[in-house]
Amino acid sequence: MQADGVLSMEANPTSFSSVKDLALGIVFGTEFLSPAVSNLYELSISKTFGASNFSLRYSPGYNKEFSLLKNQSVIGQDSSDVSLKTSLKYSETFAAGFSYKYSEHLSSGFTLHYFTENFSQDAIGAVFSDSSLTLIRENNTESMSFINFQFGGDYQFSDNYRVSMSGSNFIKIKNGSLSDINRSFEMKTPENIRIAFYAKPYDGLGANIVFETIRAFQISVQKEIQLFGLYSSLSCSYFGGLSSRGVQPSLSLRYGNLSADVTALLYTSQKQKTGSLNDLTSSGISSILNNKYCGNKAMLQLSYRLQTTQEKFVQFVDVSVTRAIFPMFSDLFLDAPFAIAKVVNISDKAVTVKPGSKIDKLNNEIVYSPSVVIAPKDTVSIPFYTAFPETYFSSKHELSFVTFSLITENADADDNLQKPLLINSSNAWDGEVGHLHYFVKKDFDYSSTAAKRILSKYKNTLDTTSSALLLFQQAKLLFNEIIPEMLYVADPVASNDRVQFPHETIDVKGGDCDDFSVCLASFYESIGIETAFVDYRGNDQSRHVNLLFNTGLHPSEAQLITRNDKKYFIRKDTAGEEKVWIPIETTERSNFTSAWEKGVEIFTNEALDNLGLVKGTVQIIEIY
Amino acid sequence: MNKIIVSLLVAGSLFAQSYKVEKIQGTVKALVGNSEQWGDVKEGAMVTPSTVIMTDKSSTILLSGGGIKFMLKPSAALSVNSLKHMTIDELLLALAMEEILSTPAKRKDAKGMNTAIYGTNEGGNKSLVSSDALGDLKLNGARQLAENGFVETAILAAKEAYRKYPSTQKNVPLRFFFASQMMKLSLFDEALAEYSQMQNLPMNDEQAKEVREKLDFLKKKLAGM
């Protein structure tokens with residue numbers, strides 16, 4: 001957005017608050033008088049430390065000198081006339097400022113301007129000797145310096161709208177004093193309040209309006225253009241007030257960190273190149289660079305902005321953790337996000353963002369999610385995925401936190417944000433039967449060893465069992481060895497989403513329907529018997545789960561296990577071949593046959609007769 | 001799919017009713033619930049939906065209930081559960097349900113098949129009827145259902161027989177019969193699937209020609225030509 005023009009040069013003490021690190025500037029200027037005067041106007045440096053910005057300016061070219069001839073002269077020793085004159089010199093040599101950025105929207109600051117005034121007056125002096133009186137030219141010089149205090153604030157409603165207000169000349173600290181004769185030459189520094197509005201309502205087109213209580217104003221328009229492939233802008237201001245009016249066209253070119261501004265200051269009001277002493281003393285000057293005695297100017301400003309601290313391209317608006325962390329379901333978090341972040345691109349270019357997250361106690365390093373490209377000024381939702389080792393185990397819930405980060409082209413994250421997070425215990429279950437297979441697989445090694453140990457007791461039986469019946473026989477033996485030993489114990493109400501690992505169910509000899517189904521499925525699957533959970537959902541939110549398993553029998557072999565075709569179902573196996581599957585009610589603990597019959601009864605009633613399979617109240621979930 | 005969703009709104013369940021045995025000629029057997037034993041059926045007894053009744057080659061049974069009278073002729077087996085009227089939507093629901101049940105999702109990490117082992121076959125227990133024969137009886141029962149106006153449940157019963165008794169899939173005449181029943185009900189997708197499967201069966205030239213003609217017709221029909 002366009003800065004203030006010459007009318008209010010440095011009128012806003014917060015103008016340097018946009019400097020992100022270090023800025024250096026140099027301004028050359030030419031004032032078209034007779035003859036034209038070229039000068040180094042200023043050297044400036046500005047440095048930002050966090051939210052604070054310090055600026056310093058040395059301005060040798062900020063001066064204005066007047067020579068006034070008196071109607072008096074003296075005869076010099078060479079008999080020539082020596083005119084008496086009065087010289088007035090005003091200069092602002094230094095300025096120093098400080099501003100503080102309270103937020104992305106609000107900043108305030110102050111600037112101290114150091115002025116000096118030098119007045120020299122020629123006078124006729126008399127030198128008496130023994131025989132004569134000689135008149136000579138005497139020069140009386142007086143100087144005074146003062147510091148003018150300027151303060152202001154700036155509020156940015158959005159990237160495109162800003163308002164600023166500043167006050168000047170309310171506090172003035174003088175050093176030295178002037179005689180009565182020179183006091184009338186002092187700079188006029190009326191108290192002034194300045195209000196400026198900046199707007200960029202259209203892409204690449206901006207406007208400024210500035211009002212000052214000393215009855216001055218400025219109106220500017222600015223258009224961003226591409227010139228020579230560089231980011232450029234053209235602007236034009238009209239200003240008026242006090243003693244002068246004029247236009248100020250300007251062209252800015254920016255290449256990387258370097259920028260060049262060429263500005264012309266063309267007065268439309270009548271300028272006075274000469275004037276009387278009375279005229280000067282009555283109106284005085286209130287600005288060194290802009291007063292009624294100034295000529296048109298041309299200025300070249302070169303600026304260099306050094307970026308030793310990284311520029312922030314994106315930042316979080318907010319992050320919502322959308323899923324609780326269940327350590328057993330590690331795979332799920334690779335496919336479905338556990339958090340969604342709203343991220344805004346605060347830069348003027350499209351940015352590729354690599355989102356990362358690290359869950360304390362669960363991740364040893366940052367887990368990166370797929371990169372997302374965000375258009376300039378756009379806000380998007382970014383999903384965060386995570387992964388954690390299957391070896392993680394905790395028997396209790398843990399309160400942790402997750403650190404979200406946004407990585408762009410910078411070496412460090414552009415933004416970080418922490419959120420508290422509950423890591424459920426390893427036994428925690430989200431109630432989705434489809435997720436029970438994680439508990440099944442976790443104990444495969446244990447289940448395989450334990451199943452083989454049990455079956456080895458029936459070596460003779462199994463050795464004489466036909467190959468077709470082997471899986472069915474093994475399933476029957478395992479059931480009769482494991483389940484009848486169990487005590488049915490429902491989960492405590494407070495922890496009804498807890499599932500035991502198979503080794504835990506065997507150790508405690510008890511559990512509920514999901515514990516028994518997980519345990520039996522783990523034993524079956526570990527020796528190659530395909531299983532599927534059957535999830536029954538009641539109208540009262542009650543849930544029940546039992547098992548289907550693949551006997552490995554071809555439908556034509558079903559009579560090997562039953563003469564009643566209502567006791568089995570034909571389903572495809574892993575290879576796509578049709579096989580005989582039978583349902584098992586794992587909480588029917590008397591024996592395998594009873595569990596089978598109970599399983600058939602429940603499945604036929606709920607899944608088939610009550611249309612549970614098509615209504616969705618009954619779901620068959622493969623275990624793999 | 002739209003049909004299925006609509007029917008979910010109107011169909012609560014596919015419950016059938018019990019029937020009274022009005023008359024028996026010859027010996028009729030019944031398999032009740034989860035029982036493994038076929039028992040005799042007596043006149044005047046009630047048979048529940050979970051009962052399968054079976055006639056031999058010279059017996060019949062007359063059932064009545066709910067305004068329905070049904071005579072199961074010789075050499076047939078029928079689940080009492082099938083003795084009910086169904087709408088087309090209910091039939092589509094039931095077919096969808098069978099599809100859900102019989103087609104598991106593919107395993108990501110499909111294991112290899114177990115290595116073969118050798119041992120004696122324990123499946124030598126005596127049964128009243130062999131598996132293949134029971135399949136034929138059931139398919140015959142399904143045909144009788146269709147012939148008596150229970151076309152929808154007949155199609156379901158036939159498809160169940162095909163699945164549970166694979167030898168019945170080779171009964172070409174009855175497969176033609178049930179495929180034509182599907183076409184009568186405008187179940188063109190199902191009929192197309194049926195004729196497509198039949199292409200692989202051994203059949204005479206006339207039957208093969210008929211299958212090809214039906215397939216051409218159905219493909220054009222489904223393509224909207």
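Residues numbered from 1 in each chain as written. Chains lettered and ligands numbered in written order. Predicted model: local features only at pLDDT ≥ 70, side-chain atom pairs only at ≥ 80, totals over all residues.

What about the confidence of the model for chain B?
Residues and elements named next belong to chain B.
- Per-residue confidence for chain B averages 84 on the pLDDT scale, and 81% of its residues sit at or above 70.
- Confidence drops under a pLDDT of 50 for residues 1–13, and excluding neighbours within four residues, the segment shows 20 contacts in the predicted structure.
- Confidence drops under pLDDT 50 across residues 109–125; counting only partners more than four residues distant or on other chains, this segment forms 26 contacts.
- Reported for the predicted complex are a pTM of 0.61 and an ipTM of 0.86. (pLDDT = per-residue confidence, 0-100. Contact = placed C-beta atoms within 7 Å.)

Brief notes about the packing of helix α7 (residues 470–482) of chain A against helix α9 (residues 513–526) of chain A
Residue and element names in this part refer to chain A.
- Packing of α7 against α9 brings their axes to within 11 Å, and their N-to-C directions diverge by 140°. Two packed elements cross with a definite hand, and for α7 against α9 that hand is right-handed. In contact with Ala475, Leu478, Phe479 and Ile482 of α7, α9 contributes Cys519, Leu520, Phe523 and Tyr524.
- Per-class residue counts for the contact of α7 with α9 are eight nonpolar, no polar and no charged. (Axes fitted to C-alpha atoms, helices over the stretch in contact; angles between N-to-C directions. Helix = DSSP H or I, 4+ residues; strand = E, 2+ residues; numbered from the N terminus. Left-handed = near helix turned anticlockwise from the far one by under 90°. Nonpolar A, V, L, I, M, F, W, Y, C, P; charged D, E, K, R; others polar.)

Looking at the pairing of strand β17 (residues 339–345) of chain A
Residues and elements named next belong to chain A.
- Because side chains alternate across β17, one face comprises the buried residues Ala339, Ala341, Val343 and Asn345, and the other comprises Ile340, Lys342 and Val344, none of which is buried.
- The sheet contact formed by strand β16 (residues 314–321) and β17 spans seven bridges and is antiparallel. Among the inter-strand pairings, Val319 is bridged to a residue of β17, identified as Ala341.
- Taken together, the six bridges between β17 and strand β21 (residues 379–384) define a ladder with antiparallel strand orientation. Each bridged residue has a counterpart across the sheet, and for Lys342 the counterpart in β21 is Ser381. (Buried ≥ 20, exposed ≤ 12 C-beta atoms within 10 Å, placed from the backbone. Pairing = 2+ DSSP bridges.)

Description of helix α7 (residues 205–222) of chain B
Residue and element names in this part refer to chain B.
- Given a rise of 1.5 Å per residue, 18 residues ought to cover 26 Å, and the 26 Å separating the end C-alpha atoms of α7 matches this to within 8%.
- Where α7 is concerned, the buried positions are Val211, Lys214 and Leu218. Down the axis of α7, the smallest arc covering the buried residues is 70°, so these residues share one side. In α7, those exposed residues whose orientation departs by more than 90 degrees from the buried face are Asp205, Glu206, Lys209, Arg212, Glu213, Asp216 and Lys220.
- Buried-residue contacts for α7 involve α6 (188–198).
- Gly224 occupies a position one or two residues after α7 and carries a positive phi of about 80°. (Expected span 1.5 Å × (residues − 1). Arc of directions from axis to C-beta.)

Here's the deal with the sheet that holds strand β1 (residues 19–25) of chain B
Residue and element names in this part refer to chain B.
- The strand order β4-β1-β6-β7 describes an open sheet built from four strands, whose pairing is antiparallel. With one partner strand each, in any of the chains shown, β4 (46–47) and β7 (68–72) form the two edges of the open sheet.
- Two strands pair when backbone bridges link them, and strand β6 (residues 60–65) and β7 are joined in this way by five bridges, in the antiparallel orientation. Paired with Ser64 across the two strands is Lys69, which belongs to β7.

Looking at the nonpolar core
- The biggest cluster of nonpolar side chains holds 139 residues, and the ones touching the most others in it are Leu520, Phe533, Val534 and Phe549 of chain A together with Ile53 and Ala158 of chain B.
- Counting contributing residues, this core receives three or more from each of domain 2 (314–423) and domain 3 (433–622) of chain A.
- Ile53 of chain B has contacts with Val28, Ala30, Val41, Val47, Ile61, Leu72, Leu78 and Val80 of chain B, leaving out every residue within four places of it along the chain.
- Ranked by size, the runner-up nonpolar core spans seven residues in total, among them Phe119, Phe185, Met187 and Ile285 of chain A. (Core = buried A, V, L, I, M, F, W, Y, C linked by C-beta atoms within 7 Å. Domains from an automatic or database assignment.)

Structural notes on helix α4 (residues 151–164) of chain B
- Taking 1.5 Å of rise per residue, 14 residues should cover 20 Å, and α4 of chain B covers 20 Å from first to last C-alpha, within 8% of that figure.
- Burial of α4 of chain B is extensive: twelve of the 14 residues sit out of reach of the surface.
- Taken as a whole, α4 of chain B has its buried residues at Glu152, Thr153, Ala154, Ile155, Leu156, Ala157, Ala158, Glu160, Ala161, Tyr162, Arg163 and Lys164 of chain B.
- Structurally, α4 of chain B contributes buried residues whose contacts are with β28 (569–572) and β29 (578–584) of chain A together with β8 (76–79), α2 (88–102), α3 (131–147) and α5 (172–184) of chain B.

Details of the sheet that holds β29 of chain A
Residue and element names in this part refer to chain A.
- On the basis of which strands lie adjacent, the open sheet formed by five strands has the order β28-β29-β27-β26-β30 and antiparallel pairing. Each edge of the sheet is formed by a strand with only one pairing partner; in this case those strands are β28 and β30 (618–622). Sheet twist, expressed as the average angle between the axes of neighbouring strands with direction ignored, equals 35°.
- Pairing of strand β27 (residues 543–550) with β29, which is carried by four bridges, proceeds in the antiparallel orientation. Across the sheet, residue Leu547 finds its bridge partner in β29, namely Ile584.
- Strand contacts of α9: β26 (531–537) and β27, with the helix running at about 15° to β27, the strand carrying the most contacts.

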